[in-house]
Amino acid sequence: MALVPYEEAAALGLQAFHKPFATFSFANHTIRVRQDWRQLGVAAVVWDAAVVLSTYLEMGAVELRGCSAVELGAGTGLVGIVAALLGAHVTVTDRKVALEFLKSNVQANLPPHIQTNTVVKELTWGQNLESFSSGEFDLILGADIIYLEETFTDLLQTLDYLCSDHSVILLACRIRYERDNNFLAMMERQFTVSKVHYDPEKDVHIYKAQKRSQREDL
């Protein structure tokens, strides 16, 4: 689930997070995302990393039309919704406790003909991976999913399983703590990683990663 530390929410002020909806304009659509701080806390509000990653996708940084994409730890589902509006076939995932909330946002913001190309599905990192096909996605998306050190191994296992040699991973995050850099270092053992975008106003980085080829590992 897309969680970030509570202290940051307190520091920023909670007014925006307590609003029942957050509204955005992407892909020539107005997206009205429901938020539910009271029931689901920080998993059910829109964080800056999701907005920056959605903007990056809208800029055309990757070809989305017709590609198979998955969003990990989707939370409100904003990134997956934007990817679907831009033409991707999207699987939007989170833990079971957040699925009904996530599904309501997807259904409220995608026209019926796009909903047919969009799936909301349970995924807990490192678990129930057999319900997905290994390497089935062209694009793996994550916004603010690097946060708990105890999840790093499971997250890396999940990324490795979902990726083929040609898949692209895009992760948007703030580098808040040393453990965030530690995750990137761990990731570089299995993937080539590069920073492809930085939003100085929101202090959000976007990293692109792809599986290391066997030739590189020799």
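This text gives an overview of the structure that appears in the document. Worth saying up front: this structure is predicted, and the values here are computed from it rather than measured.

Comments concerning the nonpolar core
Okay, so step 1: Counting 42 residues, the largest nonpolar core has Ile31, Leu53, Leu57, Leu78, Leu139, Leu141 and Leu170 as its most contacted members.
Okay, so step 2: For leucine 139, the residues in contact, after removing those within four places along its chain, are Val62, Leu64, Cys67, Ser68, Ala69, Val70, Val168 and Leu170.

As for the sheet that holds strand β9 (residues 204-211)
Okay, so step 1: The strand order across the open sheet built from seven strands is β5-β4-β3-β6-β7-β9-β8, with neighbouring strands paired in mixed fashion. The two strands at the open ends of the sheet, each matched to only one other strand, are β5 (118-122) and β8 (191-199). For this sheet, the mean inter-axis angle between neighbouring strands, taken without regard to orientation, is 20°.
Okay, so step 2: Pairing geometry for β8 and β9, over eight bridges, is antiparallel. The partner of histidine 197 across the bridge, within β9, is isoleucine 206.
Okay, so step 3: In this fold helix α5 (residues 78-85) packs onto β3 (68-72), β4 (89-94), β5 and β6 (137-143), with an angle of close to 175° to the strand it touches most, β4.
Okay, so step 4: Lying on the sheet, helix α8 (residues 152-162) is in contact with β3, β6, β7 (163-173), β8 and β9; it crosses β7 at an angle near 140°.

Quick look at the pairing of strand β2 (residues 29-34)
Okay, so step 1: Looking at chain direction, strand β1 (residues 21-26) and β2 are connected through six bridges and run antiparallel. Paired with threonine 23 across the two strands is arginine 32, which belongs to β2.
Okay, so step 2: Hairpin connection, β1 to β2: the antiparallel pair is bridged by two residues, and alanine 27 has positive phi, about 55°.

Details of α5
Okay, so step 1: The element α5 is largely enclosed, with a buried count of eight among its eight residues.
Okay, so step 2: Looking only at α5, the buried set comprises Leu78, Val79, Gly80, Ile81, Val82, Ala83, Ala84 and Leu85.

Focus on the pairing of β3
Okay, so step 1: Within β3, five of the five residues are buried, which leaves the element mostly enclosed by the surrounding structure.
Okay, so step 2: With burial as the criterion, each face of β3 is covered, one bearing Ser68, Val70 and Leu72 and the other bearing Ala69 and Glu71.
Okay, so step 3: Of the strand pairs in this sheet, β3 and β4 are connected by four bridges, and their pairing is parallel. Across the sheet, the residue bridging to alanine 69 is valine 90, located in β4.
Okay, so step 4: In terms of handedness, the path from β3 via α5 over to β4 forms a crossover that is right-handed.
Okay, so step 5: For β3 and β6, the ladder comprises four bridges, and the chain directions are parallel. When the sheet's bridge partners are listed, glutamate 71 is paired in β6 with leucine 141.

Notes on the pattern of salt bridges
Okay, so step 1: In this structure the tally under the stated criterion is five salt bridges.
Okay, so step 2: For arginine 176, the salt bridge identified is with aspartate 144, shortest N-O distance 3.1 Å. Highlighted residues: arginine 176 in the loop between β7 and α9 (178-187) and aspartate 144 in the loop between β6 and α8, separated in sequence by 32 residues.

Some words on the side chain of aspartate 180
Okay, so step 1: You can see aspartate 180 is positioned in helix α9.
Okay, so step 2: Buried and unpaired, aspartate 180 has arginine 179 as its nearest opposite-charge partner, separated by 4.6 Å.

Focus on the packing of helix α4 (residues 48-58) against α5
Okay, so step 1: Running from N to C, α4 and α5 point in directions that differ by 10°, and their axes come no closer than 9 Å. Between α4 and α5, the interaxial angle falls into the category roughly parallel. Taking contact as the criterion, the partners of Ala50, Val51, Leu53, Ser54 and Leu57 in α4 are, on α5, Leu78, Val79, Val82 and Ala83.
Okay, so step 2: Of the residues assigned to the contact of α4 with α5, the class counts are eight nonpolar, one polar and no charged.

What about the packing of aromatic side chains?
Okay, so step 1: Taken as a whole, this structure holds four aromatic pairs when the rule is applied.
Okay, so step 2: Their ring planes at 55° and their centres at 6.4 Å tell us that tryptophan 125 and tyrosine 147 sit as a pair that is tilted. Residue tryptophan 125 is found in the loop between β5 and β6, and its partner tyrosine 147 is found in the loop between β6 and α8; the two are separated by 22 residues along the sequence.
Okay, so step 3: Judged by its relative accessible area of 8%, tryptophan 125 falls in the buried class.
Okay, so step 4: Since its relative accessible area comes to 7%, tyrosine 147 is described here as buried.
Okay, so step 5: The interplanar angle of 55° and the centroid separation of 6.3 Å between the aromatic rings of phenylalanine 132 and phenylalanine 137 together place this pair among those described as tilted. Just as phenylalanine 132 is buried, phenylalanine 137 falls in that class too.
Okay, so step 6: Here the guanidinium or amino end of arginine 32 rests over the ring plane of phenylalanine 21, the centre of that ring lying 3.7 Å away.
Okay, so step 7: The side chain of lysine 121 reaches across the aromatic face of phenylalanine 132, ending 4.1 Å from its centre.

Analysis parameters
- Residues numbered from 1 in each chain as written.
- Predicted model: local features only at pLDDT ≥ 70, side-chain atom pairs only at ≥ 80, totals over all residues.
- Heavy atoms only, no water.
- Core = buried A, V, L, I, M, F, W, Y, C linked by side-chain atoms within 4.5 Å.
- Buried < 20%, exposed > 50% of the residue type's maximum accessible area, 1.4 Å probe, protein only.
- Contact = heavy atoms within 4.5 Å.
- Pairing = 2+ DSSP bridges.
- Helix = DSSP H or I, 4+ residues; strand = E, 2+ residues; numbered from the N terminus.
- Axes fitted to C-alpha atoms, helices over the stretch in contact; angles between N-to-C directions.
- Right-handed = clockwise from strand over helix to strand, strands pointing away.
- Salt bridge = Lys/Arg side-chain N within 4 Å of Asp/Glu carboxyl O.
- Lys, Arg positive; Asp, Glu negative; His and termini not counted.
- Parallel < 35°, antiparallel > 145°, perpendicular 65-115°, else oblique.
- Nonpolar A, V, L, I, M, F, W, Y, C, P; charged D, E, K, R; others polar.
- Phe/Tyr/Trp six-rings, centres within 6.5 Å; stacked < 30°, edge-to-face > 60°.
- Lys NZ or Arg CZ within 6 Å of the ring centre and 35° of its normal.

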